[in-house]
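Each chain, written out:
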Amino acid sequence: MNKPVHPLRKYVVSTALVTSLALTPLVGSSVSAQSNAPTDNGSSVQIAESNVLTAGDRGQAVSSLQSKLASYGYYGYNVDGKYGPITKNAVIAFQKQQGLAVDGIAGPNTQASLASGSVAPAPDTTSDNDTKAAQSDSDDSEERATAVKAASTSTASTASASTGSASNADIVNAAESLIGVPYQYGGETRAALGSSGFINLVMEEAGTDVNRTHAGMWASDGVFVDSPSVGDVVFFENTYSVDRVATHSGIYIGGNKMIHAGSDGVEVSDMGINYWQSKYIGAKSIQ
């Protein structure tokens, strides 16, 4: 004789089945949602997080990005695997030329464009702003030229305070590592930096020594160059006191930009704005 199925057992099995079916689509929806990530132009597609490279990233993926940018003329610096301001500027320049969203982030669209083999050529790196920044205002150009000539003569007759040797790569790497350090007048350490203290610390970490003041560096350290290259020191006058030569300086990183210690701390600034152009007096290579 067959034993009757207990009604309670049927109820328990049915309830478990219904509960399982009800939860299944919710779990599937959750997994699907987690696979969506923004691309470099704001659209939403399913991608791996490692496909997005941005400022602060390091490693082989960044080195590969730098190499590709360099092959098309957008990146002229050493391939070091560090996504700093120079790499970001190169990505921005590439995105502009390719008609991509300009955000400095190497996401799927940017990387796909780099890999496509159909890349617009890099623009001429010598911009009008570079030329303008190297010129003085017409009303005092003669006075500035005289100051530059005097400083050049001083350099020829005075032994440089620099000792040791620093490469441009070491100089820029040291400068990038200090971005975000707060400003303090006269500061000389990673806890807080003044404008000349920043240059001194950069050079020290890169393996050389310079004069303590901007004026001293302008007069006696390194050699004058017609236009700055990545890693050179760019100089400005009358930033806090008039009638003084060389009162501020920064590390040139290309694209008419520099890293310097401003009132908001160590930061990247655009030398093309009117303020810096009107105060620019020249650049020196210090190694």
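All of these numbers come straight from a predicted model, not from anything done at the bench.

Novice: Any chance you could explain the overall build of the chain here in plain terms?
Specialist: The secondary structure content of the chain amounts to 10 helices and 10 strands. For the chain, buried positions account for 37% of its 287 residues. Taking as baseline every contact in the chain between residues at least 6 positions apart, the subset at least 24 positions apart corresponds to 56%. Element-wise, carbon and sulfur atoms account for 53% of the exposed surface of the chain, whose accessible area totals about 15,400 Å².

Novice: Is there a simple way to explain the confidence of the model for the chain in this structure?
Specialist: Regions with low pLDDT carry predicted coordinates that are not meant to be interpreted in detail. In the predicted model, the chain carries a mean pLDDT of 74, and 67% of its residues have values of at least 70. This model gives residues 3-39 a pLDDT under 50, and the stretch forms 17 contacts once residues within four places in sequence are excluded. Low pLDDT (under 50) marks residues 125-164, which in the prediction has 59 contacts with non-local residues, meaning those over four places away or in another chain.

Novice: Which parts of the structure should I look at to understand the sheet that holds strand E8 (residues 257-262)?
Specialist: The pairing of strands in a sheet happens through backbone hydrogen bonds and is either parallel or antiparallel. With antiparallel pairing, 6 strands are arranged side by side in an open sheet as E5-E10-E6-E7-E8-E9. Taken across any chain shown, the strands that pair with only one partner, and hence form the sheet edges, are strand E5 (223-225) and strand E9 (265-270). Taking each pair of neighbouring strands and ignoring which way they run, the sheet shows an average axis angle of 40°. Relative to E9, E8 runs antiparallel, the two sharing 6 bridges. Paired with lysine 257 across the strands is aspartate 270, a residue of E9.

Novice: When you look at the environment of alanine 246 in this model, what are you seeing that I'm missing?
Specialist: Tracing the backbone shows alanine 246 in the loop between strand E6 (233-236) and strand E7 (248-254). Not counting residues within four places of it along the chain, the set of residues in contact with alanine 246 comprises His214, Ala215, Trp218, Phe235, Phe236, Glu237 and Ile281.

Novice: Would you take a moment to explain the nonpolar core for this structure?
Specialist: A general feature of soluble globular proteins is that nonpolar side chains tend to end up buried together. Grouped together as the largest cluster of nonpolar side chains are 42 residues, with contacts concentrated most on Leu69, Phe198 and Ile251. If you list the elements that add at least two residues to this core, you get helix H2 (60-71), helix H3 (85-98), helix H7 (168-177), helix H8 (195-206), helix H9 (214-220), E6, E7 and E8. For this core, the leading source of residues is H8, giving 6 residues. Within the second largest apolar cluster, 8 residues are counted, among which are Val234, Met258, Tyr280 and Ala283.

Novice: Is there a simple way to think about the environment of alanine 283 in this case?
Specialist: Mapped onto the fold, alanine 283 is located in strand E10 (residues 280-285). As for alanine 283 and valine 233, which are separated by 50 residues in sequence, their C-alpha atoms are 5.5 Å apart. Not counting the four nearest positions on each side in its chain, alanine 283 is found in contact with Trp218, Val223, Phe224, Val225, Pro228, Val233 and Val234.

Novice: Is there a simple way to think about the packing of aromatic side chains in this case?
Specialist: For any pair of aromatic rings, geometry is given as the distance between the ring centres together with the angle between the planes. Overall, the coordinates contain 6 aromatic pairs when judged by the stated rule. With a centroid separation of 5.3 Å and 85° between ring planes, the pair formed by tyrosine 74 and phenylalanine 94 is classed as edge-to-face. Taken together, the residues span a long stretch of sequence, with tyrosine 74 in the loop between H2 and H3 and phenylalanine 94 in helix H3 at a distance of 20 residues. Centroid distance tyrosine 275 to tryptophan 276: 4.9 Å. Interplanar angle 80°. Geometry classified as edge-to-face. Judged by relative accessible area, tryptophan 276 falls into the buried class, the value being 9%. Through pairs of rings, three or more aromatic residues link up here, namely Phe236, Tyr275, Trp276 and Tyr280. Seen from the ring of phenylalanine 224, lysine 284 lies directly overhead, with NZ or CZ sitting 4.4 Å from the centre.

Calculation criteria
- Residues numbered from 1 in each chain as written.
- Predicted model: local features only at pLDDT ≥ 70, side-chain atom pairs only at ≥ 80, totals over all residues.
- Heavy atoms only, no water.
- Helix = DSSP H or I, 4+ residues; strand = E, 2+ residues; numbered from the N terminus.
- Buried < 20%, exposed > 50% of the residue type's maximum accessible area, 1.4 Å probe, protein only.
- Contact = heavy atoms within 4.5 Å.
- Areas by Shrake-Rupley, 256 points an atom, 1.4 Å probe, with all protein chains shown as cover.
- pLDDT = per-residue confidence, 0-100.
- Pairing = 2+ DSSP bridges.
- Axes fitted to C-alpha atoms, helices over the stretch in contact; angles between N-to-C directions.
- Core = buried A, V, L, I, M, F, W, Y, C linked by side-chain atoms within 4.5 Å.
- Phe/Tyr/Trp six-rings, centres within 6.5 Å; stacked < 30°, edge-to-face > 60°.
- Lys NZ or Arg CZ within 6 Å of the ring centre and 35° of its normal.

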